[in-house]
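This is what each chain is made of:
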Amino acid sequence: MDNTMSIGNGECGIRNETGLYSAFRIPHSAFTLVELLVVIAILGILISLVTAGAQAARRRGAVTKAKTTIAALETAIAMYEADMGEYPETGNETLTSALQDDPDDVDWGGPYMEFKEEELKGGELVDPWGNPYEYVSVNGGAPKHRERSYDLSSLGPNGVDDSGTGDDLYKW
């Protein structure tokens, strides 16, 4: 009696080194558990690297947007001052109103700047982190840095007044 298995006319199994078929060695074309775990670990590392890079890019984008908004506000304030002969009154809400709402003054040549709904919160212009921009003018206030015009700043990502240092964004 030989040790091969027969089904019908053919033999099943794998031929071993001696030339005999073995029913216990069946070929598998699947991945082992270790191979799957290695692939999952590599994918996890790659995803974390991409996520970290995207978050850093998002942070840089928010800082750039705040700087660009401050520069645009400076231009709009300069145009307002050239037309009206004075700077808008102190205060964020007053500034946004002065730059976009017609006061029925013959000298007013605006709107100097228009704001989107999502940029305003309670009538105040907010930075990318949801904090209102700080605007202090010689017209109703006492600017600390540009004593003859105005101070304009954002508290930055941390939302804390660092007196113009740290992550604060300012133009003075």
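See above for the structure.
Rules and cut-offs
Residues numbered from 1 in each chain as written. Predicted model: local features only at pLDDT ≥ 70, side-chain atom pairs only at ≥ 80, totals over all residues. Heavy atoms only, no water. Patch = residues over 30% accessible without salt bridge, like charges linked within 9 Å, V, L, I, M, F, W, Y side chains within 5 Å. Areas by Shrake-Rupley, 256 points an atom, 1.4 Å probe, with all protein chains shown as cover. Salt bridge = Lys/Arg side-chain N within 4 Å of Asp/Glu carboxyl O. Helix = DSSP H or I, 4+ residues; strand = E, 2+ residues; numbered from the N terminus. Pairing = 2+ DSSP bridges. Axes fitted to C-alpha atoms, helices over the stretch in contact; angles between N-to-C directions. Contact = heavy atoms within 4.5 Å.

Enquirer: Mind laying out a nonpolar patch on the surface, listing which residues take part and the relevant values?
Expert: A contiguous nonpolar patch, built from Val 34, Val 38, Val 39, Ile 42, Leu 43, Ile 45, Leu 46, Ile 47 and Leu 49 and spanning about 860 Å² of accessible area, is present on the exposed surface. Along the chain, the position of Val 34 falls in helix α1 (residues 33-84).

Enquirer: Could you give an account of the sheet that holds strand β9 (residues 169-171), naming the residues involved and the relevant values?
Expert: Read from one edge to the other, the open sheet built from three strands follows the order β7-β8-β9, with strand pairing classed as antiparallel. With partners counted over all chains shown, the strands left at the sheet margins are β7 (134-137) and β9, one partner each. The sheet shows a mean angle of 10° between the axes of neighbouring strands, direction not considered. Pairing geometry for β7 and strand β8 (residues 150-154), over four bridges, is antiparallel. Its bridge partner being in β8, Val 136 is matched across the sheet by Asp 151. The strands that α1 touches are β7, β8 and β9; relative to β8, the one it contacts most, it runs at about 160°.

Enquirer: Give me unusual backbone geometry: which residues, what numbers.
Expert: In this chain, Gly 110 is followed by Pro 111 through a cis amide linkage whose omega measures 10°. As for its placement among the helices and strands, Pro 111 is situated in the loop between α2 (92-100) and β5 (120-121). For Asp 104, which is not a glycine, the phi torsion comes out positive at approximately 60°. When you line up the elements, Asp 104 lands in the loop between α2 and β5.

Keep in mind these numbers describe shape, not what the thing actually does.
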